[in-house]
Amino acid sequence: MTADLSPIDKAKFVAAKRAVDYVEDGMRVGLGTGSTAAWMVRCLGEMVREDGIRVTGVATSSRTADLARQVGVPISTLDEVKWLDLTIDGADEYDPRLNLIKGGGGALLQEKIVATASDQMIVIADAGKQVDTLGAFPLPVEVIPFGWQTSKALIEEMLANLEVTGRSVSLRLDNGAPYRTDENNFILDLHLRQIADPHQVSMVLNQVPGVVENGLFLDICDIVVIGGGDGSVEVRDINNGTVEHEQIDIVDTDNLFVDVQD
Ligand code: 5RP
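This report concerns the structure included in the present document.

1. Focus: helix α2 (residues 35-51)
Between its first and last C-alpha atoms α2 spans 24 Å; for 17 residues at 1.5 Å apiece the expected length is 24 Å, and the two agree. Buried residues dominate α2, accounting for 13 of its 17 residues.

2. Some thoughts on the sheet that holds strand β16 (residues 232-237)
In space, the 8 strands of this open sheet follow the order β3-β2-β1-β4-β7-β15-β16-β17, with mixed pairing throughout. Looking at the sheet topology across the chains shown, the edges are occupied by β3 (75-76) and β17 (242-247). With 5 bridges connecting them, strand β15 (residues 223-227) and β16 associate as antiparallel partners. Looking across to β16, one finds that I223 is bridged to D237.

3. Comments concerning the layout of surface pockets
What the largest pocket holds in volume is close to 230 Å³. Taken together, 13 residues make up the lining of the largest pocket; nearest its centre are V58, A59, T77, L78 and Q110. For the lining of the largest pocket, the secondary structure elements donating two or more residues are β2 (56-59), α3 (62-71), β3, α4 (78-81) and α5 (108-116). Here the lining of the largest pocket gets 3 residues from one element, more than from any other, and that element is α5.

4. Description of the site of the ligand
The ligand sits among 16 residues. The nearest are S35, T36, D92, G103 and K129. In the environment of the ligand, an oxygen atom lies 2.8 Å from a nitrogen or oxygen atom belonging to the backbone of G103. Between the ligand and the protein, one listed contact pairs an oxygen atom with a side-chain N or O atom of K129 at 2.9 Å. For the ligand, whose free accessible area comes to 380 Å², the fraction covered by protein is 90%. For the shell around the ligand, the per-class residue count stands at 2 nonpolar, 9 polar and 5 charged.

5. Quick word on unusual backbone geometry
Here K82, not a glycine, exhibits a phi torsion of approximately 70°, which is positive. In this structure K82 comes out as exposed when scored by relative accessible area, which is 60%.

6. Remarks on the pattern of salt bridges
The final tally for this structure, using the stated rule, is 11 salt bridges. Between R28 and D85 there is a salt bridge, with its nearest N and O atoms 3.1 Å apart. Taken together, the residues R28 in strand β1 (residues 28-31) and D85 in the loop between α4 and β4 (86-89) connect sequence positions 57 residues apart. Looking at D85, the relative accessible area reads 19%, which means it is buried.

Conventions we followed
- Residues numbered from 1 in each chain as written.
- Predicted model: local features only at pLDDT ≥ 70, side-chain atom pairs only at ≥ 80, totals over all residues.
- Heavy atoms only, no water.
- Helix = DSSP H or I, 4+ residues; strand = E, 2+ residues; numbered from the N terminus.
- Expected span 1.5 Å × (residues − 1).
- Buried < 20%, exposed > 50% of the residue type's maximum accessible area, 1.4 Å probe, protein only.
- Pairing = 2+ DSSP bridges.
- 1 Å grid on protein atoms, 1.4 Å probe; cavity = no way out; pocket = protein on both sides within 12 Å on 5 of 7 lines; lining within 4 Å.
- Points joined across faces, edges and corners; volume = space filled by probe spheres on them.
- Near = heavy atom within 4 Å.
- Polar contact = N/O pair within 3.5 Å; in protein donor to acceptor, adjacent residues only side chain to side chain.
- Areas by Shrake-Rupley, 256 points an atom, 1.4 Å probe, with all protein chains shown as cover.
- Nonpolar A, V, L, I, M, F, W, Y, C, P; charged D, E, K, R; others polar.
- Salt bridge = Lys/Arg side-chain N within 4 Å of Asp/Glu carboxyl O.

If you want it as structure tokens, here you go:
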């Protein structure tokens, strides 16, 4: 079935397949959210079912938890596990320092908590997510529903004094109604185009009353695994400064789709 994948799905699949090489027997693993992370959960499920590897997964969304259960990855809670060896997640953008924008799939809050509670964070992505400067992808900001319009106005006011190229803010919608996160919050998408100082923007945003968290993941990611539609992967490690290129064998296996209904 993997032979039928589109180039973009192949890129996501090989990035995920390479990333699960970092998972060792007995590890506690944070499971990201999104289409790339879903491939990782399937690959991990295959390792559990076929190789008997023992892992404890902590999901970053109800979607990921459902998928993990379907493919046989044992799930626990962060409160039970407390600390993780590794988190593997996707991203909407990554820059040369491996700073990220996340939250396109609406799971930024749990994703940031889980990634921060991990010894190591590995991001899996295709090359299209790479940028020189973060901000082309709208920056998601999770806000509580109470007084969200006031939070939005305060964010707009703060943006006027920040070095960003765009300043419009929109409420994320789902079928005409406000999109709801797993925590039942809303998401504001900030169309900033270019963020000159992500640390400053992140700090300022999190001071606005009503803001729960923003989608800037700064100094959290250790490794990015970039997949290509031809089965190539590039592994960049920001801590030891290495860049490695490899080719992943795409073996046609239906096992990845065992019990998966989505
Ligand atoms: C979800 C996320 C995702 O990791 C991000 O949106 C990338 O998703 P995909 O792999 O589907 O492109 O941050 O909140």
